Amino acid sequence: MEIRRVLLSMLFIVSVLMLWENYQISIGGTGFLGFSNTLSLNSSSKNSEKSAVSLSEKNQNELLNTSNQDSVSSTLIPSPQDTTVTVSTDVLRLTFSTFGAQLLQAELLKYASYDDIKKPIKLLENSEKRTYIVQTGLVGASGLANHNTSYRLVSTPDQLHDNQEKIKVIFESFNNGVTSQIQYILTRGQYAIDVVHLVKNSLNIPFVPSSYTQLIRDDSKPEGESHFYSTFTGPAVYSEQKKYQKIEFSQIAKGTADFNKNSDNGWIAMVQHYFVSAFIPEHGQNRENYIKKLNKNRYAVGSLIQLPTVNPNTEVSSSARLFIGPQDEHLLESLSPGLDLVRDYGWLTVIAKPLFWLLENLHRLVGNWGWAIVFLTVIVKLAFFPLSAASYKSMAKMRAVTPRLMRLREQHSNDRMRLNQAMMELYKTEKINPLGGCLPVVVQIPVFLALYWVLLASVEIRNAPWVGWITDLASPDPWYILPIVMAVSMFVQTKLNPTPPDPIQAKVMLFMPIVFSGMFIFFPSGLVLYWVVNNILSIAQQWYITNSVEKTKMN
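Residues numbered from 1 in each chain as written. Predicted model: local features only at pLDDT ≥ 70, side-chain atom pairs only at ≥ 80, totals over all residues. Heavy atoms only, no water.

What follows deals with the overall build of the chain. The secondary structure content of the chain amounts to 13 helices and 18 strands. When burial is assessed residue by residue, the chain has 54% of its 555 residues classed as buried. Taking the contacts inside the chain whose residues are at least 6 apart along the sequence as the reference set, 65% of them involve residues at least 24 apart. Here the chain has roughly 25500 Å² of accessible surface; of this, 58% comes from carbon and sulfur atoms. (Helix = DSSP H or I, 4+ residues; strand = E, 2+ residues; numbered from the N terminus. Buried < 20%, exposed > 50% of the residue type's maximum accessible area, 1.4 Å probe, protein only. Contact = heavy atoms within 4.5 Å. Areas by Shrake-Rupley, 256 points an atom, 1.4 Å probe, with all protein chains shown as cover.)

Structure, rendered in structure tokens:
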């Protein structure tokens, strides 16, 4: 009966967690397993929607038609004069095309590729296997240039030199008396790029242009993504009205995407594990956010912003910031409110953020992310020492009376009611709470799940070594040593626990270490390291408490 109570209790706990998972997904949140839907923290205010600009239907249709003719799959072919230009800073290497002034490739020079650590990772790419590019342009009047227009490259920098802090890549188009110019301004040490639109009117009539900035991506998972854990890949929108909203590609394809379309603040982004690209328009500019499916498996997220009237012989300009880089929490916080939320801890954020703060400070002390994980696990284990001790003490008492429980089962094998009464009398005599080993563990579950998400989301541990054979804490253990140690530690824990009276249950418990170690072979070694250290500490504590209880019984 006691093992049945424990199993039922664990089943209840798992059921509650799964119900919470499904509830979070149903309201657009992120569950603790990482599966998600659209996350909407606050409803938009009616006043904000009334004050938001409603751009002309003509501009919206023009943008839709322009976007559906993206250069990746359009029948519009670049002219022979169109070329690409590659520009480098100390952190970025960017490849632009004069066709549409599009950003076709972005390499992050401080972050290694998944398949070759000697090469930088390509976050943006335009190839047969993958599409992930940046487009921008103007709509609203004849002669304005968009991402299907051939531009002239005005400046030709190739890299940021030692004596420079900034470089500009400038594209220009002149058509029907209208000059359209796009400036990409790159700054030393920064992943944020200033994108400036300049419109000059040489006509004798005024017009009202609108600028758009958009990110185009296919729905493929990023390189290095594991099938054994889930991270979000797709568009995201942030505004003060509805906060952080993630949109699944499947929602866009079905036409069920729900996000804040009108605002004068916030940003749009494409999110994937460890990295993000985002457009951040100027605060206070009315914009219309859009997300749509293009052709095949490509999707667009962007903002359409109406500019001031351009009178004859005058010019107007607008600017936005384009971020292409890692999900560095402090860096993202400094760029725009809410941008750090792309580093998604789900509903455990309130616990996860302090844990990451502690992990970061431990890294500053020890200088190694692997050892920082070890010490963080020790600190968390010490914080829960009293709860764990209560759990292990209860389990030790159950272990001590297991032989007597087995005899009771034999004596009352045909009388279940009498067996239950006898077991309850035994528990009462020995002052044992059958659920005492479970409840303290339940309290710790949110913290351990939060720590799991911290380690899974931290780009800082990517390519970070620990000792010897562990050269990348974000990749699986190449020699499978940590998963094997974990399996052994789980087996030892099983032996320290009370033996289930049911032979089938006992075999299942012995089989569990093999199952978990098989799963953890594919997990990042930083996560496995955390579980191994936690298991070893648990074994030491449980062994000590079990021996103490047994000695007390003998005396």
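Moving on from the coordinates now.
In this section: helix α6 (residues 349-366). With 18 residues, α6 extends 25 Å from end C-alpha to end C-alpha; this agrees with the ideal 26 Å at 1.5 Å per step. Every buried residue belonging to α6 is among Ala352, Leu355, Phe356, Leu359, Glu360 and Leu362, and all of these are buried. Burial along α6 is one-sided: seen end-on, the buried residues are contained in an arc of 160°. Across α6 from its buried face, at more than 90 degrees, point the exposed residues Val350, Trp357, Arg364 and Leu365. Positive phi appears at glycine 367, one or two residues downstream of α6, with a value of about 75°. (Expected span 1.5 Å × (residues − 1). Arc of directions from axis to C-beta.)

Turning our attention to the packing of aromatic side chains. Enumeration over the complete set of coordinates arrives at 18 aromatic pairs. Ring geometry for phenylalanine 171 and tyrosine 184: centres 6.2 Å apart, planes at 85°, overall edge-to-face. You can see phenylalanine 171 sitting in strand β7 (residues 166-175) and its partner tyrosine 184 sitting in strand β8 (residues 178-187), a full 13 residues away along the chain. With respect to burial, phenylalanine 171 and tyrosine 184 carry one shared label: buried. Geometrically, the ring pair formed by phenylalanine 520 and tryptophan 531 is edge-to-face, given 6.3 Å between the ring centres and 85° between the ring planes. Highlighted residues: phenylalanine 520 in helix α12 (residues 503-520) and tryptophan 531 in helix α13 (residues 525-554), separated in sequence by 11 residues. When its relative accessible area of 6% is taken as the criterion, phenylalanine 520 is described as buried. (Phe/Tyr/Trp six-rings, centres within 6.5 Å; stacked < 30°, edge-to-face > 60°.)

Tallied over the entire structure, the rule returns 13 salt bridges. For glutamate 329, the salt bridge is made with lysine 353, and the minimal N-O distance between the two is 3.4 Å. Taken together, the residues glutamate 329 in helix α5 (residues 329-335) and lysine 353 in helix α6 connect sequence positions 24 residues apart. On the basis of relative accessibility, which here comes to 6%, the residue glutamate 329 falls in the buried class. A cluster of three or more residues bridged by salt bridges with shared partners is formed by Glu329, Glu333, Asp340, Arg343, Lys353 and Glu460. (Salt bridge = Lys/Arg side-chain N within 4 Å of Asp/Glu carboxyl O.)

Another aspect to go through is the pairing of strand β17 (residues 298-306). Burial runs high along β17: eight of the nine residues are buried. One ladder, built from nine bridges, connects strand β10 (residues 210-218) with β17; its direction is antiparallel. Looking across to β17, one finds that threonine 213 is bridged to serine 303. As defined by bridge partners, strand β16 (residues 287-293) adjoins β17 across seven bridges and the pair is classed as antiparallel. Looking at the pairing, arginine 287 lines up with isoleucine 305 of β17. Where β16 folds back on β17, the antiparallel hairpin that results is connected by four residues, among which lysine 296 adopts a positive phi of roughly 55°. (Pairing = 2+ DSSP bridges.)

As a further point, take empty space enclosed by the protein. Tallying each qualifying case throughout the model produces four cavities of 30 Å³ or more. Volume-wise, the second largest cavity comes out at about 50 Å³. Lining the second largest cavity are His197, Ser211, Thr213, Gln285, Ile305, Ser318, Ser319 and Ala320. Contributing elements (two or more residues each) for the lining of the second largest cavity: β10 and β18 (315-326). Of all the elements, β18 adds the most residues to the lining of the second largest cavity, at three residues. (1 Å grid on protein atoms, 1.4 Å probe; cavity = no way out; pocket = protein on both sides within 12 Å on 5 of 7 lines; lining within 4 Å. Points joined across faces, edges and corners; volume = space filled by probe spheres on them.)

Another aspect to go through is the layout of surface pockets. If a probe as big as a water molecule is rolled over the atoms, it shows which places are left empty. In this model, the second largest pocket occupies a volume close to 440 Å³. Lining the second largest pocket we find 27 residues, and of these Tyr114, Asp472, Ala474, Ser475 and Pro476 sit closest to its centre. When the residues that make up the lining of the second largest pocket are grouped by side-chain class, the tally is 14 nonpolar, eight polar and five charged. (Nonpolar A, V, L, I, M, F, W, Y, C, P; charged D, E, K, R; others polar.)

Once that is clear, we can look at the side chain of glutamine 102. In this fold, glutamine 102 is placed in the loop between β2 (92-97) and β3 (103-112). Take glutamine 102: its relative accessible area is 1%, and that puts it in the buried class. Looking at glutamine 102, its side chain comes within polar contact range of the main-chain oxygen of phenylalanine 99, at 3.0 Å. (Polar contact = N/O pair within 3.5 Å; in protein donor to acceptor, adjacent residues only side chain to side chain.)

Ordered by their spatial adjacency, nine strands build an open sheet running β6-β7-β8-β9-β18-β15-β14-β11-β12, and the pairing between neighbours is antiparallel. The sheet terminates laterally at β6 (152-153) and β12 (243-246), the two strands that pair on one side only. Relative to β8, β7 is paired through 10 bridges, and the arrangement is antiparallel. In the sheet register, valine 169 faces β8, and the bridge partner there is tyrosine 184.

Looking at the secondary structure, you find serine 239 in strand β11 (residues 234-239). Residue serine 239 is classed as buried on the basis of its relative accessible area of 0%. Leave out the neighbours within four places in its chain, and serine 239 touches Asn260, Ser263, Asn265 and Gly266. Of note is the side chain of serine 239, whose polar atom sits 3.3 Å from the backbone nitrogen of lysine 242. A polar contact of 2.7 Å, which involves the side chain of serine 239, links it to the side chain of asparagine 260.

This part covers the confidence of the model for the chain. The share of residues in the chain with pLDDT of 70 or more is 81%, and the mean pLDDT across the chain is 83. Low pLDDT, under 50, characterises residues 69-76; the predicted model gives this stretch 20 contacts beyond four residues in sequence or across chains. (pLDDT = per-residue confidence, 0-100.)

With that out of the way, let us pick up unusual backbone geometry. As a rule of thumb, non-glycine residues mostly have phi less than zero, and peptide bonds are mostly trans rather than cis. One non-glycine residue, asparagine 176, lies in positive phi territory at about 55°. Mapping asparagine 176 onto the fold places it in the loop between β7 and β8. By relative accessible area, which is 48% here, asparagine 176 ends up partly exposed. The phi torsion at tyrosine 480 lies on the positive side, around 60°, for a residue other than glycine. Mapping tyrosine 480 onto the fold places it in the loop between α10 (439-457) and α11 (481-496). For tyrosine 480, a relative accessible area of 44% corresponds to the partly exposed category.

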